[in-house]
Each structure stands twice: as structure tokens, then as C-alpha cells.
Amino acid sequence: MLTMKDIVREGHPALRQVAEEVLLPPSDEDKETLRQMLEFLKNSQDPEIAEQYELRSGVGLAAPQLGINKRMFAVHVTDDKDNLYSYGLFNPKITRHSVETTHLEGGEGCLSVDRDIPGDVPRYKRITLEGTTLENEKVRLRLRELPAIVFQHELDHLNGIMFYDRIEDYAPETD
Ligand SMILES: Cc1nc(NNC(=O)[C@H](CC2CCCC2)CN(O)CO)c(F)c(N2CCN3CCOC[C@@H]3C2)n1
Ligand code: NI
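Residues numbered from 1 in each chain as written. Chains lettered and ligands numbered in written order. Predicted model: local features only at pLDDT ≥ 70, side-chain atom pairs only at ≥ 80, totals over all residues. Heavy atoms only, no water.

Next up on the list: the overall build of the protein. Across its full length, the protein holds 3 helices and 7 strands. Walking the protein from its N terminus toward its C terminus, one meets helices and strands in the order α-α-β-β-β-β-β-β-β-α. Taken along its principal axes, the extent of the C-alpha atoms in the protein is 60 × 40 × 35 Å. Within the protein, the proportion of its 175 residues that are buried is 46%. For the protein, contacts bridging at least 24 residues in sequence account for 72% of all contacts bridging at least 6. (Helix = DSSP H or I, 4+ residues; strand = E, 2+ residues; numbered from the N terminus. Buried < 20%, exposed > 50% of the residue type's maximum accessible area, 1.4 Å probe, protein only. Contact = heavy atoms within 4.5 Å.)

Written out as C-alpha cells, the structure reads:
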């Protein structure tokens, strides 16, 4: 099973690369890796398992965070209407997005970043994302709010972008 020791941290070159497309149909090895990533997220959201294996909780995980330079990520997140979005996706891409943006209250974090970095991370409020599932089926997802934010955070990892790259540096407010 994957644990925190498998997750690379800031400074590892994989976090700043543009990951390579996965050849389809996905190999058994790529499917196994993606399945393990999804399992990590589920484990990390189980209080007992998370405590036992000292896992930081996650709702998303991208292959570059394992030092794997491939365009694939896993998401396991529930939205405000209790809809569960649980996917392992190969070669995801955003095909449409709202002009409107949103951000996570309290900012974002990252399992590859061992420090708190405050600041709003602007994300599209709504996105349409296409990709290939673990069952090698093309899927088109229309996402909004938290799921949309999570998928955008993971897609950024496939392009070597960290959440704090998107925090605008405001001039300090003059009182
Ligand atoms: C929002 C949130 N971010 C958590 N961690 N950070 C991550 O997932 C990073 C990715 C997220 C950071 C901001 C957007 C994407 C990992 N990243 O670095 C991957 O690239 C959480 F753990 C979490 N939840 C809420 C739901 N809860 C259900 C019960 O179990 C605990 C779980 C905790 N919500
Ligand atoms: Ni991250």
C-alpha cells in the first residue's frame, strides 16, 4: 500500500515537469499504480487506517507526486450534495470552463508541501473535464465547486504547477 514515504516533496524534479501522455489502452502496471493511488485516498480518509499508517488525508493524488512522470491522477471527494466523485483518470484535460472563478476558503494545501502557505488559489468555478477511466472508457465530467477545485489542483500537477504558483501577490493593504 502507498504511504507518505512514497510521496515526493517540494524540490523533487517530478513536481516541476510536464508529465507524458499515458499510452492507451493503459498497461497493467499503469492501472495497478492508479488503483493504488485511489486506495491511498480511501485509506487516508479512514481515521483508523490514517492514524495507523500516519497518512495525511487527501482527496486527490497525481502520479508526479509519486515521482511518476505520467498524466494520470486519482480523486476521491464528496461534494456538498453528498455526490461521491471517485475516479482514476488517464490523460485528463479540461475541454470547457466557466469564466467565473472561485477559491477554497482557507486556501489550499498539498501532500507534497510540508508547510502552510496562506492565500486564495483562484480556480474555475465550473469545468468540463475529459479523460480515460481505469476501465479504459472515455468519460466527460461536468464539475463545480469542491470537485472542480480538486480536479484542477491535480491537473496542475500534471503540468508542473503547484497551488502556490497561483496565489496573487497583493500589495500589502495600506491602512
Ligand atoms: C480540500 C481537502 N484537501 C484535503 N487534503 N489535501 C489534498 O487532498 C490535496 C489536494 C487538495 C488541496 C486543495 C484542493 C485539492 C492533495 N494533493 O496534494 C494532491 O495533489 C483533504 F484531506 C480534504 N478532506 C475533506 C474531506 N474529508 C473526508 C473525510 O476524510 C478526510 C477528508 C479531508 N479536503
Ligand atoms: Ni497537490
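The rest of the description comes next.
This next bit is on the coordination of the nickel ion (ligand 2). Looking at the nickel ion (ligand 2), one finds its protein donor set to be Cys110 (SG), His153 (NE2) and His157 (NE2), positioned 2.1 to 2.4 Å from the metal centre. In this structure, the nickel ion (ligand 2) is surrounded by 6 donor atoms whose angles at the metal cover 28 to 147°, and the resulting shape is irregular. (Donors = N, O, S within 2.8 Å, 3.2 Å for Na, K, Ca; no water. Tetrahedral: all angles 85-135°; square planar, octahedral: opposite > 155°, others 65-115°.)

Looking now at the sheet that holds strand 7 (residues 138–144). Judged by pairing direction, the sheet is antiparallel, and its 5 strands sit side by side in the order 1-2-3-6-7 without closing on themselves. Edge positions in the sheet fall to strand 1 (60–62) and strand 7, since each has one partner strand and no second. Neighbour-to-neighbour, the strand axes of this sheet turn through a mean angle of 40°, independent of strand direction. Here strand 3 (residues 84–97) runs beside strand 6 (residues 126–133); their pairing, made up of 6 bridges, is antiparallel. The partner of Ile94 across the bridge, within strand 6, is Leu129. In the packing of helix 1 (residues 28–44) onto the sheet, the strands contacted are strand 1, strand 2 (72–78) and strand 3, and the crossing angle to strand 2 comes to about 30°. (Pairing = 2+ DSSP bridges. Axes fitted to C-alpha atoms, helices over the stretch in contact; angles between N-to-C directions.)

This part takes up the pattern of salt bridges. Summed over the entire model, instances satisfying the criterion amount to 17 salt bridges. Between Arg35 and Glu32 there is a salt bridge whose closest N-O contact spans 3.9 Å. Remark: Glu32 and Arg35 occur in helix 1; sequence separation between them is 3 residues, near one turn of the helix. A residue is classified by how much of its surface remains accessible, and Arg35, at 41% relative accessible area, is partly exposed. The partner of Asp114 in a salt bridge is Arg56, and the shortest N-O contact between them spans 3.8 Å. With Asp114 in the loop between strand 4 (101–102) and strand 5 (123–124) and Arg56 in the loop between helix 2 (47–52) and strand 1, the pair connects residues that are 58 residues apart, well separated along the chain. We classify Arg56 as partly exposed; its relative accessible area is 34%. Each of Glu100, Lys125, Arg126 and Glu145 takes part in one network of salt bridges that share partners. (Salt bridge = Lys/Arg side-chain N within 4 Å of Asp/Glu carboxyl O.)

With that out of the way, let us pick up the packing of aromatic side chains. Here the structure, examined in full by the defined rule, presents 3 aromatic pairs. Pairing Tyr87 with Phe151 gives two aromatic rings, centres 6.5 Å apart and planes at 65°, and the pair type is edge-to-face. Taken together, the residues Tyr87 in strand 3 and Phe151 in helix 3 (residues 145–158) connect sequence positions 64 residues apart. By relative accessible area, Tyr87 is classed as partly exposed at 24%. With 5.3 Å between their ring centres and 70° between their planes, Phe163 and Tyr164 make a pair best called edge-to-face. Here the aromatic cluster, defined as three or more aromatic residues joined through ring pairs, consists of Phe73, Tyr87 and Phe151. The cationic tip of Arg115 hangs over the ring face of Tyr164; the distance from NZ or CZ to the ring centre is 5.2 Å. (Phe/Tyr/Trp six-rings, centres within 6.5 Å; stacked < 30°, edge-to-face > 60°. Lys NZ or Arg CZ within 6 Å of the ring centre and 35° of its normal.)

Keep in mind that these numbers describe shape and distance, not what the molecule does.
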